[in-house]
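Now for the letters of each chain:
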Amino acid sequence: MGTTISEVSSHVGSEVTIGVWLANKRSSGKIQFLELRDGTGFIQGVVLKNEVDEADWEEAKELTQESSLYVTGLVREDKRAPSGYELTVSGLKLIQKAHDYPITPKEHGVEFLMDHRHLWLRSSRQHAILRIRNEVIKGTYDYFYDHGFIKVDAPLLTGSAAEGTTDLFHTKYFDRDAYLSQSGQLYMEAAAMAFGKVFSFGPAFRAEKSKTRRHLIEFWMIEPEMAFCDHEESLKIQEDYIACLVQRVLKKCQPELKVIGRDTSKLEKIKAPFPRITYDEAVRFLNKNGFDDIKWGDDFGAPHETAIAEHFDVPVFVTEYPAKAKAFYMKPDPDREEVVLCADLLAPEGYGEIIGGSQRIDDLELMKKRYEQYHLNDPSYKWYLELRQYGSVPHSGFGLGLERAIAWICGLEHIREAIPFPRLLNRIYP
RNA sequence: UCCACAGUAGCUCAGCGGCAGAGCAAUCGGCUGUUAACCGAUUGGUCGCAGGUUCGAACCCUGCCUGUGGAGCCA
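Residues numbered from 1 in each chain as written. Chains lettered and ligands numbered in written order. Predicted model: local features only at pLDDT ≥ 70, side-chain atom pairs only at ≥ 80, totals over all residues. Heavy atoms only, no water.

## Things to note about the protein's contact with RNA strand B
Operational definition: Here a residue is near a molecule or strand as soon as one of its heavy atoms is found within 4 Å of it. For the purposes of these results, a polar contact is taken to be a pair of N or O atoms within 3.5 Å, where, inside protein, one atom must be able to donate a hydrogen and its partner to accept one; residues adjacent in sequence count only when each atom of the pair is a side-chain atom. Counting from the N terminus, the helices are the DSSP runs of H or I reaching at least four residues and the strands are the DSSP runs of E reaching at least two. Classes in brief: Ala, Val, Leu, Ile, Met, Phe, Trp, Tyr, Cys and Pro nonpolar; Asp, Glu, Lys and Arg charged; the others, Gly included, polar.
Neighbouring RNA strand B are 54 residues, the closest being N24, E86, R206, R213 and R404. For RNA strand B, the backbone portion of the atoms within 4 Å of the protein, that is sugar and phosphate, comes to 46%. With respect to RNA strand B, the side chain of Q44 contributes an N or O atom lying 2.8 Å from a base oxygen. For the surface near RNA strand B, the elements supplying multiple residues, two or more each, are β1 (15-27), β2 (31-37), β3 (42-48), α2 (110-115), β11 (218-227), α10 (302-309) and β17 (352-359). It is β17 that contributes the most residues to the surface near RNA strand B, 4 residues altogether. Residue composition of the surface near RNA strand B, by class: 15 nonpolar, 18 polar and 21 charged.

Structural data, given as structure tokens:
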């Protein structure tokens, strides 16, 4: 391994050798421009006929898109080059000549690009998005480590449905039934009782036949859970965490945001605290704004969420939903039993719900009642009830959909670009 | 599961009842500052599949398959 393109600015005036792929080529009779990439960045190589060996000149002429080679040359600053730096090529050594690379520099359709996702990742746009994803992941680890959380891994194979609301992928566990996890939350509640503040980061699987720009069959979720933490404290952590992520991407990923053409002025506004409206207020707002179909007690659909979020240019919390519309484990408001201490965080610009969170029921008798109401008396749920039996404490947590957050931060049309190999309805290749 | 739209060259698309087309890619040639370079030439087809209507179907009709994005559900 030699120098990388990301390091060339510190090698101006000296000769370097870099392992690269040819992204594109433009040539004249006696000068060739090689658009080179090495995974860390892009740089333009210039091959001049009267300054290289004839063999190298001929080899450069033979280069095809995505051929791999070692290139040696002098690093120069040059305003005419796309990146500001240029390599005057003095020698090149072909590793492999690629034939008929499918993704050409022109436009392609969705189906074709998805069929070639393993190659599409090489494009500058996909490269930029996935580097931002990497930064969001690193930012998540840093944030929670810095705030006293420890990462605890939840199992992916489970013996029962975590929430019982969505369709699970069924599989066999030797001669028993098992399901792929759709959430690690219940396990995080157990972990919070052991470690205080915890978070999980792992994949979640939903066998829903959803096919919209906001849905993946397999997606990654960050699920913090905090003991001795009420709903209000949880909201403060959520808004601080999201604002930190956005500011970190703004600080560290300017070149990537530029490649994908993100309007960063919209991201610069993302600072805590975020506005909040209650479910009651949201229903009144919707009824006043042309949504006669919503009445108190109904859950919101995507058009309703979009209408609410459109009134803010930062994420907005919708709080205190009717208990009937939410999961069995959410804690009722002590002053108003019909609503629960929960919040959904809706991202701006129509990106929808990126966080769902709540304070959890800590009272053993109430949880027993919920078990009866929701028919959860299966032995596989026994352990979760026991968390309320041995030193129960107030606790809260939330789940962030990683790809939805990335889609919003990057301003993507579709969530499928926010994950390296998306699993979508009807697509499990490549 | 429901609704809507689409499927023609390797890719992106035009053609909408009368000879299968263009741009890009590929191949060959030209060009010393290109930025999805440009210029000339060549190659490239089961018009998604099956049936029907018609003198004649890529085009009209029916069914099926595949894809797209929207609903529901959710992060």
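Further notes follow.
## A look at the sheet that holds strand β9 (residues 176-180)
Inclusion rule: Following DSSP output, two strands are said to pair if at least two bridges run between them.
An order of β7-β9-β8 is seen for the 3 strands of this open sheet, with the pairing classed as antiparallel. Unpaired on one side and paired on the other, β7 (157-158) and β8 (170-173) mark the two borders of the sheet. Pairing of β8 with β9, which is carried by 4 bridges, proceeds in the antiparallel orientation. What sits directly across from H170, in β9, is Y179.

## Considering the pattern of salt bridges
Once the charged atoms of two side chains with opposite charge are near each other, the side chains can pair. Applied cut-off: Salt bridge, as used here, is a side-chain nitrogen of Lys or Arg placed within 4 Å of a carboxyl oxygen of Asp or Glu. The cut-offs for exposure are 20% and 50% of the maximum accessible area for each residue type, with area from a 1.4 Å probe on protein chains only; residues under the lower value are buried, those over the upper are exposed, and the others partly exposed.
Taken as a whole and judged by the stated rule, the model has 29 salt bridges. Across the pair R37 and E66 runs a salt bridge whose closest N-O atoms are separated by 2.7 Å. Linking R37 in strand β2 with E66 in the loop between α1 (54-62) and β4 (68-77), this pair joins segments that are 29 residues apart in sequence. Exposure remark for R37: the relative accessible area of 7% places this residue in the buried category. The salt bridge involving E62 is made with K97; its shortest N-O contact spans 3.3 Å. You can see E62 sitting in helix α1 and its partner K97 sitting in the loop between β5 (85-96) and α2, a full 35 residues away along the chain. On the accessibility criterion, E62 (46% relative accessible area) is partly exposed. One salt-bridge network, in which partners are shared between bridges, spans R76, D78, R80 and E86.

Shape is all these values report; function is a separate question.
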